[in-house]
Protein chains: 2
Amino acid sequence: MFDNIDKTNINELGEFGLISHLTKNIKLRNTSTLKGVGDDAAVLDAAGKKILVSTDMLLEGIHFDLAYTPLKHLGYKAIQVNLSDICAMNALPTQVTVSIGMSSKYTLEAIEELYEGMYLACNQYNVDIVGGDTTSSKQGLVISVTVIGYADEDTIVYRNTAEEGDLICVSGDLGGAYTGLQLLEREKLIYLENPNIQPDLEGKDYIIERQLKPEARKDIIELLKSVKVKPTAMIDVSDGLASEVLHICTQSNKGCQLYEEKIPIDPMTYDTAREFNLDPTVCALSGGEDYELLFTVKQADYDKIKHDVDISIIGYITEPSAGRNLISKSGQVHELKAQGWNAFKQQQ
Amino acid sequence: MFDNIDKTNINELGEFGLISHLTKNIKLRNTSTLKGVGDDAAVLDAAGKKILVSTDMLLEGIHFDLAYTPLKHLGYKAIQVNLSDICAMNALPTQVTVSIGMSSKYTLEAIEELYEGMYLACNQYNVDIVGGDTTSSKQGLVISVTVIGYADEDTIVYRNTAEEGDLICVSGDLGGAYTGLQLLEREKLIYLENPNIQPDLEGKDYIIERQLKPEARKDIIELLKSVKVKPTAMIDVSDGLASEVLHICTQSNKGCQLYEEKIPIDPMTYDTAREFNLDPTVCALSGGEDYELLFTVKQADYDKIKHDVDISIIGYITEPSAGRNLISKSGQVHELKAQGWNAFKQQQ
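Residues numbered from 1 in each chain as written. Chains lettered and ligands numbered in written order. Predicted model: local features only at pLDDT ≥ 70, side-chain atom pairs only at ≥ 80, totals over all residues. Heavy atoms only, no water.

Trainee: Teacher, can you tell me more about the pattern of salt bridges here?
Mentor: For side chains bearing opposite charge, pairing can occur when the charged atoms are close. A full pass over the atoms with the stated rule returns 34 salt bridges over all chains. With a closest N to O distance of 3.6 Å, A:Asp39 and B:Arg159 form a salt bridge. Here A:Asp39 is found in the loop between strand S1 (33–35) and strand S2 (42–45), whereas its partner B:Arg159 is found in the loop between strand S6 (142–151) and strand S7 (167–171) on a different chain. Each member of the pair, A:Asp39 together with B:Arg159, is buried. Here B:Glu275 makes a salt bridge to B:Arg186, at a shortest N to O gap of 3.7 Å. On the criterion of sequence distance, the pair formed by B:Glu275 in helix H8 (residues 267–275) and B:Arg186 in helix H4 (residues 176–193) is long-range, its members being 89 residues apart. A single network of salt bridges, built from pairs that share partners, joins A:Arg210, A:Arg217, A:Asp219, A:Glu292 and A:Asp310. (Salt bridge = Lys/Arg side-chain N within 4 Å of Asp/Glu carboxyl O. Helix = DSSP H or I, 4+ residues; strand = E, 2+ residues; numbered from the N terminus. Buried < 20%, exposed > 50% of the residue type's maximum accessible area, 1.4 Å probe, protein only.)

Have a look at this one:
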């Protein structure tokens, strides 16, 4: 009701008007940004460092559901999932380009909300928006972000350099984003059946936030730097712990021993998973979207990180012939399998 | 008929299988590419130069119609329109990231065709594909490309640096992509009315190619370098000549005098426009998608480019108070207006 009063139709602005409206308040924060929005390309200065580039696309109906995703949160998340990829190289993100495709039926105010979320994420992480593309879409909302960061070559951490005996570590806790999604999906179904019933998400803020408002673990990169630990391999947890551990093992040509009891799961995640008759460990292994950092460190670095409550040591790297194993709480050995979130399998 | 025999459903491969299948034959060509596909981010080396970054998104139903766009051509074009943005900074593109969203109903062979076109463009322009994202889409085909190039700071050409008295130049010819589109749209309608009628595009290869297979004018950048001309301002012609000239004038805070009779239009473009009762000059001014380079040069550089058949001098830059004018063939002065292709206005 009243939803369209005082709202601006984006057709009136046109593409250039819209871009200039959305970008007029950008203040560049990084000395590496020589020229941002407004020309055929942005101009950046690596100042002798190596350049890190990554890109992620979010599509309506696949990666998000606007029924329960506020546009501001969506903008925030679209930036964060990209920043997370640069953190996963042991570097800090500095610039992003943002391409948006959306129905021309959106109001300017709706797009502003989306951009507000993106600007908020960029401001908090000291990242410049330096370019992008804005277009109409006949097909729902499309968001494509490319992120850039810089690092000295000897500080970059790849996926394929884990060594036998290295400790496997993960930041934060896992499975929260997935159980949060189960809650949101349930409340959506209830609402669709009876729009008069209010959503019952009380006390579930943490896991709802894990789904709707993930944070790239820039703080972990800064922490590791401050205690002088360079991980031997690193990846971010976007598809689920199992999938990411297997990426490191496969690319490093190694095996692993992972301990179920060591996998960090928040009590709210645990209880909510049980409510849905889900195994909390499976939520952590295969749920995805937690955007924590999974990394391996030399055993010699154990003392430097053992007291950090935000880092859990969940296993170790083995020779390849030992296999990739999960040791259950009861002591049974299971082969670790990736049954993670897969954008292609979703539609089957 | 038989269309699905021996075809591979992409669901069987999953996201990681698909990515590895599509990228397994990539050979890196540039020393600036330290690490391509396969980690959280690509690692690049600017080797002391500045970095140029640009991005463009192509959406089905807005930017292309699969009824008459072969997937291989579409892949080729998606890369070219991005490469063109780096050329427009007076630099050469070196790397791209490619994000694709497509229905899981596509066969692997169809996606391979799309990628073949992208690889072809990259190989011809010596560009590395260093990363990307591949996901399912519920919403038609989505292609988002980010392109990176490098340049010494003093060779980069911006839009906002045109000076009074500079000559306005454009490469190639204009309006062809737009008239080619008119032909394709006409034949589509005829086909929809009667599928037994074969499309009548004979003798129209040039303008069909202008629409379906544009080429970034890397050769012009190399040519200008070889004759030691650094343009004073430059932009690529994606939205139509008028819009691009106005971008340079606005950003440089200048006026211009443009001569209709000097605007390069190929005879096939001219005749086809007439067939459609379109003014060929309007097709050049507002048609867009020609991906030629529009640039300004000092008068002192005139002798260095005057004999190049691929460069037309179409006017000159004036003080801002003189306005932005188009002098018609009959000598009348018109205010130059951008009525170019606008992705948002299309849906009105």
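Trainee: Quick question: what am I supposed to make of helix H2 (residues 71–87) of chain A here?
Mentor: One full turn of an α-helix is made of 3.6 residues, so residues set three or four places apart face in the same direction. The terminal C-alpha atoms of H2(A), which comprises 17 residues, lie 24 Å apart, in line with the 24 Å expected from a rise of 1.5 Å per residue. Summarising burial for H2(A): 15 of the 17 residues are buried, a large majority. (Expected span 1.5 Å × (residues − 1).)

Trainee: Explain the relation of the copies chain A and chain B to me, please; I cannot follow it from the model alone.
Mentor: The second copy of the chain is related to the first by a rotation about an axis and a shift along the axis. Of the transformation superimposing chain A on chain B, the axial component is 0.0 Å and the angular component is 180°, with the fit at an RMSD of 0.0 Å. In the structure described here, the two chain copies are related by an operation that fits a two-fold rotation axis. For chain A, the minimum C-alpha distance to the rotation axis belongs to A:Gln139 and amounts to 2.3 Å. (Least-squares fit on C-alpha atoms with pLDDT ≥ 70 in both.)

Trainee: Where do I start with the UniProt feature "binding site: Mg(2+) 4" (unreviewed entry) in chain A in this structure?
Mentor: Within the UniProt annotation, "binding site: Mg(2+) 4" (unreviewed entry) is assigned to A:Asp40, A:Ser54 and A:Asp85. Sequence-wise these annotated residues cover 46 residues; spatially they are dispersed, their C-alpha atoms as much as 25.6 Å apart. If you trace the backbone, A:Ser54 turns up in strand S3 (residues 50–59). A residue is classified by how much of its surface remains accessible, and A:Ser54, at 6% relative accessible area, is buried. If sequence neighbours within four positions are ignored, A:Ser54 has contacts with A:Asn82, A:Asp85, A:Ile86, A:Val145, A:Thr146, A:Val147, B:Asp40 and B:Ala41. Within the secondary structure, A:Asp85 sits in helix H2. In this view, A:Asp85 contacts A:Ser54, A:Asp56, A:Asp236, B:Asp40 and B:Ala41; residues no more than four positions away in its chain are not counted. (UniProt positions renumbered as here; feature names shortened; annotations may be inferred. Contact = heavy atoms within 4.5 Å.)

Trainee: What is the right way to look at the sheet that holds strand S8 (residues 233–236) of chain A in this model?
Mentor: In sheet architecture, strand pairing relies on hydrogen bonds along the backbone and comes in two forms, parallel and antiparallel. Residue and element names in this part refer to chain A. With respect to topology, seven strands assemble into an open sheet ordered S8-S10-S7-S11-S9-S12-S13, the strand pairing being mixed. The outermost strands of the open sheet, each flanked by one partner alone, are S8 and strand S13 (333–335). For this sheet, the mean inter-axis angle between neighbouring strands, taken without regard to orientation, is 25°. Each of S8 and strand S10 (293–297) is contacted by H2, which is oriented at about 175° to S8, the strand it contacts most. This element, helix H7 (residues 241–252), spans S8, strand S9 (255–259), S10, strand S11 (311–318) and strand S12 (324–327) of the sheet and lies at about 150° to S8. (Pairing = 2+ DSSP bridges. Axes fitted to C-alpha atoms, helices over the stretch in contact; angles between N-to-C directions.)

Trainee: Explain a nonpolar patch on the surface here, please?
Mentor: Together, A:Leu189, A:Tyr191 and A:Leu192 line one region of the surface with nonpolar side chains, adding up to about 330 Å² of accessible area. Tracing the backbone through its elements, the reader meets A:Tyr191 in helix H4 (residues 176–193). (Patch = residues over 30% accessible without salt bridge, like charges linked within 9 Å, V, L, I, M, F, W, Y side chains within 5 Å. Areas by Shrake-Rupley, 256 points an atom, 1.4 Å probe, with all protein chains shown as cover.)

Trainee: What is the right way to look at helix H1 (residues 10–23) of chain B in this model?
Mentor: Residue and element names in this part refer to chain B. Spanning 14 residues, H1 covers only 15 Å between terminal C-alpha atoms, well under the ideal 20 Å at 1.5 Å per step. Maximum bend of H1: about 80°, positioned at Phe16. Within H1 the residues assigned to the buried category are Ile10, Asn11, Gly14, Glu15, Leu18, Leu22 and Thr23. Where the residues of H1 are buried, they touch strand S4 (92–102), helix H3 (108–124) and strand S5 (128–136). (Bend = angle between axes of the 7 residues up to and from the residue.)

Trainee: Explain the packing of helix H5 (residues 205–212) of chain A against helix H8 (residues 267–275) of chain A to me, please; I cannot follow it from the model alone.
Mentor: The relative placement of two packed helices is expressed as an angle between their axes plus a distance between the axes. Residues and elements named next belong to chain A. Put simply, H5 and H8 touch, their axes get as near as 9 Å, and they point 90° apart. As far as their axial angle goes, H8 and H5 are roughly perpendicular. Seen from H5, the contacting residues are Asp205, Tyr206 and Ile207; seen from H8, they are Met268, Thr269 and Thr272. A class-by-class count of the residues in the contact of H5 with H8 yields three nonpolar, two polar and one charged. (Parallel < 35°, antiparallel > 145°, perpendicular 65-115°, else oblique. Nonpolar A, V, L, I, M, F, W, Y, C, P; charged D, E, K, R; others polar.)

Trainee: Hey, could you run me through the environment of B:Leu201 in this one?
Mentor: All names here are of chain B. In this fold, Leu201 is placed in the loop between H4 and helix H5 (205–212). Among the residues examined, Leu201 registers a relative accessible area of 24% and is labelled partly exposed. In this structure, the C-alpha to C-alpha distance between Leu201 and Ser312, residues 111 residues apart in sequence, is 29 Å. Non-local contacts of Leu201, meaning those with residues more than four positions away in its chain, are made with Leu183, Leu184, Glu187 and Ile208.

Trainee: I tried to follow the pairing of S7(B) on my own but got confused; where do I start?
Mentor: Regular strands show a simple pattern: their side chains alternate between the two faces of the sheet. Residue and element names in this part refer to chain B. Among the five residues of S7, five are classified as buried, and the element is accordingly described as predominantly covered. Burial of S7 is two-sided: the residues Leu167, Cys169 and Ser171 facing one way and the residues Ile168 and Val170 facing the other way are all buried. Direction of pairing for S7 relative to strand S11 (residues 311–318): antiparallel, over a ladder of five bridges. Bridged to Cys169 within S11 is Ile313.

Trainee: What exactly am I supposed to notice about the packing of aromatic side chains here?
Mentor: Any pair of aromatic rings gets described here by the distance separating the centres and the angle formed by the planes. With the rule as written, the count across this model stands at four aromatic pairs over all chains. Pairing B:Tyr259 with B:Tyr316 gives two aromatic rings, centres 6.4 Å apart and planes at 35°, and the pair type is tilted. Of this pair, B:Tyr259 sits in strand S9 (residues 255–259) while B:Tyr316 is found in strand S11, placing the two residues 57 residues apart along the sequence. The class of B:Tyr316 is partly exposed, set by a relative accessible area of 32%. The ring of A:Tyr76 carries A:Lys213 above its face, with NZ or CZ at 4.4 Å from the centroid. (Phe/Tyr/Trp six-rings, centres within 6.5 Å; stacked < 30°, edge-to-face > 60°. Lys NZ or Arg CZ within 6 Å of the ring centre and 35° of its normal.)

Trainee: Explanation requested: the side chain of A:Thr146 in the structure shown.
Mentor: Along the chain, the position of A:Thr146 falls in strand S6 (residues 142–151). Only 3.0 Å separates the side chain of A:Thr146 from the side chain of A:Thr55, close enough to count as a polar contact. (Polar contact = N/O pair within 3.5 Å; in protein donor to acceptor, adjacent residues only side chain to side chain.)

Trainee: Can you help me understand the interface of chain A and chain B in this one?
Mentor: By a widespread convention, an interface's size corresponds to the accessible area lost as its parts come together. The interface of chain A with chain B comprises 73 residues on the first partner and 73 residues on the second. Summed over both partners, the interface of chain A with chain B buries about 6000 Å², with 54% contributed by carbon and sulfur atoms. Taken together, the connections running from chain A to chain B amount to six salt bridges. A salt bridge links B:Asp40 to A:Arg159; the shortest N-O distance between them is 3.2 Å. At the junction of chain A and chain B, the tally comes to 22 residue pairs in polar contact (both at pLDDT 80 or more). If one sorts the elements of the side of chain A that touches chain B by residue count, S3(A) sits on top with nine residues. Tallied by class, residues from the side of chain A that touches chain B come to 30 nonpolar, 27 polar and 16 charged. Sheet topology note: the S3(A)/strand S2 (residues 42–45) of chain B ladder contains four bridges and is antiparallel. If you follow A:Leu52 over to S2(B), its bridge partner there is B:Val43. (Buried area = accessible area lost by both parts, 1.4 Å probe.)

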